[in-house]
Number of protein chains: 4
Amino acid sequence: MAGTRTGVWLIGALGSISTTVIIGALALRKGLADPTGMVTAGSLFEGAPLARIEDLELGGCDIRQGSLMDTAAHLARETGIIRGDLLSEIRPDIEEMEPRISRGTSRNCGEAIEQLAGPRQDCLTSAREEIHRIRSQLSAFRTDRSLDSVVVVNLASTEPAIAPSPHHEDLASLEKCLDEDDAGAIRASTLYSYAAIREGCPVINFTPSQGALLPALVQLAADRGVPVMGNDGKTGETLVKSALAPMFSYRNLRVLSWEGFNILGNLDGRVLDHPLNKAAKIQTKDQVLSKILGYSPHSRVHIDYVPSLDDQKTAWDFIHFEGFLGARMSLQFTWQGYDSILAAPLILDLARLAELAWRRGESGLMPHLASYFKAPLGVEVFGLHEQYGMLVDYADRVRRDAESTRRRENRSGAATAMGAAAGTPGLGDPHRE
Amino acid sequence: MAGTRTGVWLIGALGSISTTVIIGALALRKGLADPTGMVTAGSLFEGAPLARIEDLELGGCDIRQGSLMDTAAHLARETGIIRGDLLSEIRPDIEEMEPRISRGTSRNCGEAIEQLAGPRQDCLTSAREEIHRIRSQLSAFRTDRSLDSVVVVNLASTEPAIAPSPHHEDLASLEKCLDEDDAGAIRASTLYSYAAIREGCPVINFTPSQGALLPALVQLAADRGVPVMGNDGKTGETLVKSALAPMFSYRNLRVLSWEGFNILGNLDGRVLDHPLNKAAKIQTKDQVLSKILGYSPHSRVHIDYVPSLDDQKTAWDFIHFEGFLGARMSLQFTWQGYDSILAAPLILDLARLAELAWRRGESGLMPHLASYFKAPLGVEVFGLHEQYGMLVDYADRVRRDAESTRRRENRSGAATAMGAAAGTPGLGDPHRE
Amino acid sequence: MAGTRTGVWLIGALGSISTTVIIGALALRKGLADPTGMVTAGSLFEGAPLARIEDLELGGCDIRQGSLMDTAAHLARETGIIRGDLLSEIRPDIEEMEPRISRGTSRNCGEAIEQLAGPRQDCLTSAREEIHRIRSQLSAFRTDRSLDSVVVVNLASTEPAIAPSPHHEDLASLEKCLDEDDAGAIRASTLYSYAAIREGCPVINFTPSQGALLPALVQLAADRGVPVMGNDGKTGETLVKSALAPMFSYRNLRVLSWEGFNILGNLDGRVLDHPLNKAAKIQTKDQVLSKILGYSPHSRVHIDYVPSLDDQKTAWDFIHFEGFLGARMSLQFTWQGYDSILAAPLILDLARLAELAWRRGESGLMPHLASYFKAPLGVEVFGLHEQYGMLVDYADRVRRDAESTRRRENRSGAATAMGAAAGTPGLGDPHRE
Amino acid sequence: MAGTRTGVWLIGALGSISTTVIIGALALRKGLADPTGMVTAGSLFEGAPLARIEDLELGGCDIRQGSLMDTAAHLARETGIIRGDLLSEIRPDIEEMEPRISRGTSRNCGEAIEQLAGPRQDCLTSAREEIHRIRSQLSAFRTDRSLDSVVVVNLASTEPAIAPSPHHEDLASLEKCLDEDDAGAIRASTLYSYAAIREGCPVINFTPSQGALLPALVQLAADRGVPVMGNDGKTGETLVKSALAPMFSYRNLRVLSWEGFNILGNLDGRVLDHPLNKAAKIQTKDQVLSKILGYSPHSRVHIDYVPSLDDQKTAWDFIHFEGFLGARMSLQFTWQGYDSILAAPLILDLARLAELAWRRGESGLMPHLASYFKAPLGVEVFGLHEQYGMLVDYADRVRRDAESTRRRENRSGAATAMGAAAGTPGLGDPHRE
């Protein structure tokens, strides 16, 4: 959609994925890269009124000190996924962006994450103060860059799992937890999402952190006309799993065991090396199989931190299955993909799709985005193909709507076209309080 | 469908797949095995009026001399896929079946296959005589076992590729080739299918041999009310490929290369070790990818004969793909499956589904069976999931029809029920000439 | 050595490995199998005066109730590694052996192992009583089967690790621990080895259990003229590792990470699923690499219990290494081997070699057997090739000695030959107290 | 050896391996890289009087037009194995080297190689003229760079196999072939080696091209005091094979099949895509196994050209083996290494070792370099470990000799030291005609 100025505010902005998102967006804007890996750049969304990639404005926050250029240089040198010459060309653009990265919060995120943050000078005294700060940051980003909307994307490290609680179920209880600074019930991700929704910003939780989209927050989003979706971006092993597992059902073959072993070496991996954070991650990876197959074969998912691999996530899956006459057979695969390279185009997709949903007046969960997530909220469909079908249906719907709007506009003359644009929610729109 | 006596006539009856089909059917009939691997035994076809497995009668022909028990003992001893104790229990049933295996034909099948046949005493002088013999065999099988119908399944070794020819396009030309014994235009598989269709028998071509379902034969089948389908059963590497390849499209990732390396050691492998036969096989495997992706990445498929593997087909596939910012990543998988174990339940499925189609009065190609084949005739859908969707739709249609028949019958009283049964084509039915 | 009657007493006699040893020995004796996998049956030991396989007599003990035939039938049915027809032929021999399996002890072996033992009626009151019972069993085995010697082989489940202690260093302290029933310092394996050594029996510890060959026990063995060796048979992943790791050194390539992932499903796997027992196992696997390379790359070894695999141990190793100009490359392998099939011939080797060492008057550790063990006691050589070289040297020495004995005998006439035989230690020999 | 000026003249100088050799040598000289991957830089040769890496001078020839910087930039951009910042730093040094690359010959190298050469203006009329030109190039290189010696390393594309012929056996016959320009008996590699040996330059044939070190040429080298060695550098799959295969012998396990599948995408791969060139390559890879095992399991080696992989050679090997009681098991590995990165340090090793041998007055084949080659000439040892042992022995011998020289020199005073240096062969040395 030409002219729609969309902000993308990245939580964990100095991480590998986030930096790759930023480099990618800058490179695409300058025509230095192809949008390979972006679903919204393929034929599926041709003709849909998505925000143009060159109109995306990026910003964000991080708990760590450091710079985008540091991360970018590391990615270029250690993993080779960012070409040196590309980096040279967009270096000024990256440097221009550095001041847009504000200070983030690691409140109740546990030891592993807090160690990343380093000594904090500006430790705020309460959850409410943190929320206030986040809202101010979002509001300033919107104003400074003259944005029509801001999509908030959580790319921070996996928080320790949070015990399900009745306090998460309704807004009043959650508000009370926020008032009382209840460390057991809320996490940094909760504060971010709460602030974003109150600010009228769509939220994408690309992490497994459950605190980000608690039931009460989803309800708040629905009430306030804000689209949200999560959890946990599906980029590698689980993606393959969700494509392969249905094959066994289609053939009535019985999966006996499905063992997965993931090794990776980036910051994400370092945080996941901590048992509490790993537990949260494995939980979202582990349910996919039984949901697809309709029964639970023996299955464990390991994630191990192997520093030398850096961003190259390597996964070995061994699938043991039973066929006719009880014969046992196996399939094994090794996936070698760069975590950031796989995730970054999906973030750009999700930002564009969340902005579109918001502009179309959708609110609450976006089930049509299920294919992007390991644990899609509110969706019971786990097979990749069926999830993709949901996206196809949505794209068709969007195109049909756009077509009929166009026809209506053509009928009522050029004057209305301007009015329609004014009708899209923007600054001072009703989503925002 | 209780009471429907269905014959399954296996071409290449002494081969590993065929023997496993026979052992499986006998074991299922006696309750000694589960139907794992049979799609028609799963929930998908619940309530559909399929022939009961225990009502299937097996027979067939082979160019080799030998016995089912020889092959069965080999499978038990060398591969372990047939358990020794199971074999002991059904040994009498197998032995009873031995006389039902007639002499087959290897006419125009090339050196590799003719070597299997050994010295032939009864070499027939013409294609027409071969056809006559096959029709007699089918007719005798039907009469001897009091069958309502006979499904012919081609499980013979892969024939050398046959050059496309205008003679294959219309029946008159093909009949002329048969009259003239044109060695370049017809193969053994052509004779089998021609005879089967003339005899009113549905034909399943589970092999890559293109001679089996030439356009003129498909036309003949359509004209004579006989359902047919092929080519080349999808049991291993290609199955995985058709499940995985769409994933790359869904993510807008570019497949650069997809290299496949298959090794196997059974008779099938020995025949495929001959360049002419291998070429025919690789052709059907190779098109799947470009059809799914919409472009042609670098891709080669190797098949090698490795005797020690016997029936355990092992495949290694290496997939090189490009993602965001031009980064190159890879996925590799190793598939280790028993060829016969994977194929046998599909043969039983296809026999039941072909019989059902025939009973329902369908004729010509059966596109709903696309998921079973590497090169489904008349179908442009190659993704596994979409192919499976076609089967799901068919199952729904069948169930709906069965339901409305049942309702109609209930309305018109018990008397009509009998008439409906009489209406199913059977002995002396119009399909047969 | 014709006529040397050697007993092999297996601790954990009802386990998969042990049962395979017994089946193998019986099959070899009857000429129903080849000695593939036995190093002592190859050309290396040609001409060495080893006990003949047909002269080995097997016996042993187990904490579990059950029978050899149960385990054998399970191996035949579930894994297919024992052919049904072979089992039928040697069934009477196996059944004859059943009474030779006595009751074992699981003293201080922790929960995981004690659960296997089931409720115990005959719980003995003290470590000394257990030792007494074991010595009686060994003595009875020797007498009943008229054996010249008995080799004790520990094949029991891995015990929890035992903390190193000064009590393990000298015999007096250890004796005190035995007197005082010190649960923290001694394990069942300690009792077995103590009893065996006191009884003059060579001990092979094929398990990682460190209690079996504590320094004080090795000293006792050296003092009493008894050869012993351990720990932890090298059969699969570690075998490959010790063959491959030197390659990186030979090329001056730097191993950055070596990650191993083992899955298996037999009883051994079930016990290893318990954290304490797993820790003990991983310890012996983990040191191989740093000893070979001379530095410690990032390395973790996982062992997971995957019931469906039963005896088929599957291991995936991923090796990340750095080459010229800092480039990073990888090697990965998947090993799929049957644990029992790999171990059993080595047990027969070790029994023959321990008996030979004993007959030759060697005592204490047998470093020439290093290639058989993951953590060879008293040996700092971890590369497979060099370890094998030690065995080659030993075989040469043995052959030379045998040759000179023969020559001496020839010189001094036939009479002496008999005397030489009398000179080998046997019943009533000085090793035994 | 400080002060020894050694030239390294690379045939195929613009190829990936050669360019990596040059970049590596320049980077090492400037302290911008570590010598990881160079065996002569490890502890093995500590104290041996090898030429210093910084004293190596590089030059060479190629049949292609182009520049080192083109290849270097391609390697940096497409494979990432040369870091962009490293390339920037040594760019001036590379550019200075460009003029040192002379025009090569592709005489009798077949279609695949001649296509690389492009249209030739300076096609010489006879083999003798080519030899004359090569000798002039070598002589000029030596003089221009004031070199003590020049080692010639063949890194050109694999030539088609050459039929063994009596003409190759003695020098007189070979000279006659050269006189008569016998296209069937000589290849470009023959001309290069002949010229080099006549010029007194040691020759390393890192390619499988058999023409390079025909028996008559080896004899000539021996006669003229020139050390030579080949064939076919062992860098990847065969390296792993030669480390792993002995393991099966050590355990008396029977290898049934060993199937290898190599894919690569560089120029080398493109040439090998031509059947004649591939045949020559596979021949040297294929014999390793049977030589190590002492019998010939089923084995095929495939090499396929997969352009997207560029320099990343990927190999999958599947090893099927039989163990105790006839059980069949498997090991498979996937090797992912950069061809040039693996080869380059070995070239530097071989150049230093050939120069050392030459300085020590050795001549003819250098069997101690067996571990570097797939088909080591004159050596029947194929196991990696034993081959490495030969290098260890040589290193020891060299060190001992150096030590005794040093002692002798110390005894006879400083004056002699200078004389000893003068005694090393150099310009105007007796090796040269």
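Quick summary incoming for the structure in this document. Remember, it's a predicted structure, so these values are computed and weren't measured experimentally.

Often the size quoted for an interface is simply the accessible area lost on bringing the parts together. On the side of chain B, 4 residues touch chain C, which itself brings 4 residues to the contact. The largest per-residue losses of area from chain C upon contact with chain B belong to C:Arg77, C:Arg83 and C:Gln336, which jointly make up 74% of the total buried on that side. The tally of links between chain C and chain B comes to 0 salt bridges. The interface formed by chain C and chain B contains 1 residue pair in polar contact (both at pLDDT 80 or more). Across the side of chain C that touches chain B, the residue classes break down as no nonpolar, 2 polar and 2 charged.

To continue, consider the interface of chain B and chain A. Each side of the interface is counted separately: chain B has 57 residues, and chain A has 57 residues. Taking both sides of the interface into account, the surface hidden between chain B and chain A amounts to around 4700 Å²; carbon and sulfur atoms contribute 68%. A per-residue breakdown of the area chain B buries against chain A is headed by B:Tyr250, B:Arg251 and B:Phe324, which together make up 21% of the total. For the interface between chain B and chain A, the tally reads 0 salt bridges. Counting every contact that joins chain B to chain A gives 15 residue pairs in polar contact (both at pLDDT 80 or more). Elements that contribute at least two residues to the side of chain B that touches chain A include exactly α1 (16-29), α9 (237-250), β9 (312-322), β10 (328-338), α12 (339-359) and α13 (384-412) of chain B. When grouped by side-chain class, the residues that make up the side of chain B that touches chain A number 36 nonpolar, 14 polar and 7 charged. Strand direction decides the pairing type here: strand β10 (residues 328-338) of chain A and β10(B), joined by 7 bridges, are antiparallel. Bridge pairing in β10(B) links A:Trp335 to B:Leu331.

A separate point is unusual backbone geometry. Across the chain, the bulk of peptide bonds are trans and the bulk of non-glycine residues have phi less than zero. The omega angle of the peptide bond from B:Gly230 to B:Asn231 is 0°, so this bond is cis rather than trans. With respect to the helices and strands, the residue B:Asn231 is situated in the loop between β6 (227-230) and α9. A positive phi angle, near 60°, is found at B:Asp181, a position not held by glycine. Looking at where B:Asp181 falls in the secondary structure, it is placed in the loop between α6 (171-180) and α7 (188-198). Judged by its relative accessible area of 26%, B:Asp181 is partly exposed. Backbone geometry places C:Asp232, a non-glycine residue, at a positive phi of 75°. Structurally, C:Asp232 is set in the loop between β6 (227-229) and α9 (237-250). Here C:Asp232 falls in the buried class, since its relative accessible area comes to 2%.

Another point: the relation of the copies chain B and chain A. For these two chains of identical sequence, chain B goes onto chain A by a turn of 180° and a shift of 0.0 Å along the axis, with RMSD 0.1 Å. Between the two chains, the operation in question is that of a two-fold axis. Measuring from the rotation axis to each C-alpha of chain B, the shortest distance belongs to B:Phe333, at 2.0 Å. Both copies share a contact surface, since 100% of the interface residues of chain B are interface residues in chain A too.

Here the focus is the relation of the copies chain C and chain B. For the pair chain C and chain B, the superposition axis carries a translation of 0.0 Å, the fit reaches an RMSD of 0.0 Å, and the rotation angle comes to 180°. Comparing contact sets, 100% of the residues at the interface of chain C also lie at the interface in chain B, consistent with an isologous, same-surface contact.

A few words now on the nonpolar core. Counting 187 residues, the largest nonpolar core has C:Leu10, C:Leu244, C:Met247, D:Leu10, D:Leu244 and D:Met247 as its most contacted members. Setting aside residues no more than four positions away along its own chain, D:Leu10 makes contact with D:Ser18, D:Val21, D:Ile22, D:Leu58, D:Gly59, D:Gly60, D:Cys61, D:Val153, D:Leu155 and D:Ile347. Residues A:Val240, A:Tyr250, A:Ile347 and A:Val379 belong to the second largest nonpolar core, which totals 186 residues.

Residue and element names in this part refer to chain A. In spatial order, the strands read β3-β2-β1-β4-β5-β6-β11; together these 7 strands make up an open sheet with parallel pairing. At either margin of the open sheet sits one strand with a lone partner, and together these are β3 (101-103) and β11 (364-365). The pairing of strand β2 (residues 56-62) with β3 spans 3 bridges and is parallel. By the bridge assignment, Cys 61 is partnered in β3 with Ser 102. Contacts from helix α12 (residues 339-359) reach β1 (6-11), β2, β4 (149-154), β5 (203-205) and β6 (227-230), with the element oriented near 135° to β4.

This next bit is on the sheet that holds strand β4 (residues 149-154) of chain C. Backbone hydrogen bonds hold the strands of a sheet together, and the pairing may be parallel or antiparallel. All names here are of chain C. Read from one edge to the other, the open sheet built from 7 strands follows the order β3-β2-β1-β4-β5-β6-β11, with strand pairing classed as parallel. Every interior strand has two partners, whereas the edge strands, β3 (101-103) and β11 (364-365), have only one. As paired strands, β6 and β11 are joined by 2 bridges and run parallel to one another. Residue pairing across strands places Val 228 opposite Leu 365, the latter belonging to β11. Running at roughly 160° to strand β2 (residues 56-62), helix α1 (residues 16-29) makes contact with β1 (6-11) and β2 of the sheet. Set on the sheet, helix α5 (residues 127-144) makes contact with β1, β2, β3 and β4; between it and β1 the angle comes to about 145°.

About the cut-offs
The residue numbering used here restarts from 1 in each chain and proceeds along that chain's sequence as written. All chains are assigned letters beginning at A, and all ligands numbers beginning at 1, according to the order in which they are written. Two thresholds apply to this predicted model, a pLDDT of at least 70 for residue-level local features and 80 or more for giving and counting side-chain atom pairs, whereas whole-chain, interface and lining totals are computed over all residues. Computation of side-chain values: all heavy atoms of the structure, hydrogens and water removed. Residue contacts are counted whenever heavy atoms from the two residues lie within 4.5 Å of one another. Note on terms: buried area is the combined drop in 1.4 Å-probe accessible area of two parts once they are placed together, counting the loss on both. Here, a salt bridge means any side-chain nitrogen of Lys or Arg that lies within 4 Å of a carboxyl oxygen of Asp or Glu. Pairs of N or O atoms within 3.5 Å make up the polar contacts considered here, provided that, within protein, one atom can donate a hydrogen while the other can accept it, and that residues adjacent in sequence are counted only when both atoms are side-chain atoms. Throughout, the ten residues Ala, Val, Leu, Ile, Met, Phe, Trp, Tyr, Cys and Pro are labelled nonpolar, Asp, Glu, Lys and Arg are labelled charged, and all others, Gly among them, are labelled polar. Counting from the N terminus, the helices are DSSP H or I runs at least four residues long and the strands are E runs at least two residues long. Here, a strand pair is defined by DSSP locating no fewer than two bridges between the strands. The buried label applies to any residue whose accessible area, calculated with a 1.4 Å probe on protein chains only, is under 20% of its type's maximum; exposed applies above 50%, and partly exposed to all values in between. Copy-to-copy superposition: least squares on the C-alpha atoms, limited to residues that have pLDDT of at least 70 in both copies. Nonpolar cores are built from buried Ala, Val, Leu, Ile, Met, Phe, Trp, Tyr and Cys residues. Side-chain atoms within 4.5 Å join them into one set. Lines fitted to the C-alpha atoms define the axes, with helices restricted to the stretch that makes contact. Angles between their N-to-C directions range from 0 to 180 degrees.

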